[in-house]
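Each chain is listed here by its residues.
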Amino acid sequence: MKDVVVIGGGPSGLAVSSELAKKGYDVVLLERNDELGGLLQQCIHDGFGTDLFGESLSGPEFADIFISRVRGEDVDIKLEAYVRSVNKEEGLFNIVTVTPKSVEELEARSVVYAIGCRERNQFEIKIGGTRPSGVYTAGTVQRLINLYGILPGKDVVILGGGDVGMIVARHLFLEGVNSILMVYPEEFFSGLPRNAQQCILDFDIPYRPRTIVRDILGDKKVKAVELVDVDEDWEPIPGTEEIYHCDSVILSVGLVPYSEKLEDLGARVDKKTSGPMINEYFETTVDGAFSVGNLIQIFDYVDDAVKTSFTAAEGVERYLENESKKDLGIELKPGDNVRTVTPQRVDERTGEKFSVFFRPAIEKEDPKVEVMSKGEVLESCVKRYVSPSILEEISISKDILLGEEEVIIDVR
Amino acid sequence: MSDEREVLCIRCPKGCRLELKIDEEVIVEGNQCKAGEDHGKQEGREPKRIVPTTVKIKDARWPRLPVRTKESISLDKVKDVMEAVEGFVVEAPIEKGDVVIKDVAGTSVPVIAERDMEKIR
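Caption draft 1: Structural view of a nonpolar patch on the surface. Residues and elements named next belong to chain A. A contiguous nonpolar surface patch, about 250 Å² in accessible area, is contributed by Y82, V98 and V103. Relative to the helices and strands, V98 resides in strand β7 (residues 92-98). The exposure class assigned to V98 is partly exposed, which follows from its relative accessible area of 32%.

Caption draft 2: Up close: the domain arrangement of chain A. Entries for chain A in the domain assignment read domain 1 (1-119 + 255-324), domain 2 (121-253) and domain 3 (326-412). Centre-to-centre, using C-alpha coordinates, domain 2 of chain A lies 35 Å away from domain 3 of chain A.

Caption draft 3: Summary view of helix α5 (residues 193-200) of chain A. Most of α5 of chain A sits out of view: 8 of its 8 residues are buried. Looking at α5 of chain A, one finds that the buried residues are P193, R194, N195, A196, Q197, Q198, C199 and I200 of chain A. Those residues of α5 of chain A hidden inside the fold are in contact with β3 (46-48), α4 (163-174), β13 (179-183) and β14 (207-208) of chain A together with β1 (3-8) and β4 (48-49) of chain B.

Caption draft 4: Molecular detail of the packing of aromatic side chains. Under the defined criterion, the tally for this structure stands at 11 aromatic pairs over all chains. Judged by centre distance (5.2 Å) and plane angle (45°), the ring pair of F62 of chain A and F66 of chain A falls under tilted. Within this pair, F62 of chain A and its partner F66 of chain A are both found in helix α2 (residues 59-72), separated by 4 residues, close to a single helical turn. Each member of the pair F62 of chain A and F66 of chain A is classed as buried. Here the aromatic rings of F299 of chain A and F357 of chain A are separated by 5.1 Å at their centres, their planes lie at 90°, and the arrangement is edge-to-face. Pair noted here: F299 of chain A is in the loop between β20 (289-291) and α7 (302-320) and F357 of chain A is in strand β24 (residues 353-360), with a separation of 58 residues, a long-range link. For the residue pair F299 of chain A and F357 of chain A, the accessibility class agrees, reading buried in each case. By the ring-pair criterion, three or more aromatic residues cluster together here, those being Y184, F188, F189 and Y207 of chain A. Of note, K79 of chain B hangs over the ring of F173 of chain A, and the distance from its end group to the ring centre comes to 4.7 Å.

Calculation rules
- Residues numbered from 1 in each chain as written.
- Chains lettered and ligands numbered in written order.
- Predicted model: local features only at pLDDT ≥ 70, side-chain atom pairs only at ≥ 80, totals over all residues.
- Heavy atoms only, no water.
- Patch = residues over 30% accessible without salt bridge, like charges linked within 9 Å, V, L, I, M, F, W, Y side chains within 5 Å.
- Areas by Shrake-Rupley, 256 points an atom, 1.4 Å probe, with all protein chains shown as cover.
- Salt bridge = Lys/Arg side-chain N within 4 Å of Asp/Glu carboxyl O.
- Helix = DSSP H or I, 4+ residues; strand = E, 2+ residues; numbered from the N terminus.
- Buried < 20%, exposed > 50% of the residue type's maximum accessible area, 1.4 Å probe, protein only.
- Domains from an automatic or database assignment.
- Contact = heavy atoms within 4.5 Å.
- Phe/Tyr/Trp six-rings, centres within 6.5 Å; stacked < 30°, edge-to-face > 60°.
- Lys NZ or Arg CZ within 6 Å of the ring centre and 35° of its normal.

This is how it looks when you write it as structure tokens:
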């Protein structure tokens, strides 16, 4: 019988494993790949760790810090272990893993899901035309370039102005492709401003806002795309169609938390974040099943994703020590000008303050962030600038929430 | 003659919009912290960046080893660095922080390995 099984050896899974082992618990870490570090191993650019370590590290360097922590603690690391199923019976979790050698069963008192997110693909967005080869997701291209040294093509169109797309555009530019064009339906890049600067603007990589790829053209291989301008509602403007020649199309059209596995276990999923609903200690609606990192929602910044692990480790400890009471049960919800809020509920009366992450739905200077209940403002603060590109964090003290049932976070 | 320019700060994910007035001195507005001011001043004089790329590696688990300039180098020199690194081959094992190229493209900045890569044969 194990105390905790952690699923996923990316940064968040590594961090929660070492924290729990440090607290003296018997931890098993399951990773389906044959090395630890997760997605960070292909994120070779710098910019990680400025918050946690005060310096700008590359993805592999950031990962290495947490790999060393796990190796320094007594964590049972199982590589090439794919989780086939998780079931909860009589308060215990039964985890079936498949490895190249065997099928194994584990029993644990608690489980932490740290399985991250996946990229949205061409079949999930409205994109027409034929189905030739040469269409990639941005993360796949990042992997091809940085781990295998393979470029996807010579003349590249990138659809979507998110972070992964911008970072990949810079790799493509530096590694010497012929041409790059980035198109996206928004007014400005949807990823972080710093990536717009250091990936696109620094190198004058051509980009077109308010433009989408309507059709992908080509028989066996991509020959061209049909571009079209869009209005503010992303509706195509007739007469603006243009055939643009290229040999590959890269999609950077969003990331989705990989929450199907937790749903199988019976955990409720938030339609807005697509991640599991969690409380302030990152416990899902299944007692003893926790969730950390980009599985909760897409964080802009790995430092923030990893910080969820520190709080979750406290939550797991409380659960294992039978200290969690769930005597509060307050729901947190986004207001009209906010897209997502996590955690979705506050369960515990104990503890003073907790962090709330929210993604604004609007762009605004000097907005007021309000914590409200039944139309009354419980607490507010002023931010200098908010936009949908930047995930915001506020700290709320539990005192002001006592007696409330449903609390709204909004900006105005 | 003063020059005015707007850049987005790259020091943290906030990405403040920095307004630079470039004269003999660089005046920075729009920053929210000291790092932003430092960055703006540097941008006004000489923009500098860390360059991430990969080199070929023999006998290792992956065909490529991620490397980067140890410190940021002049933005104008990025292409030179890329050219100097191209075609470079190293052999496993490599440890994180190992110097792959001592002084890349006359910048007097080394190119270092971003991770360990064990020998696999």
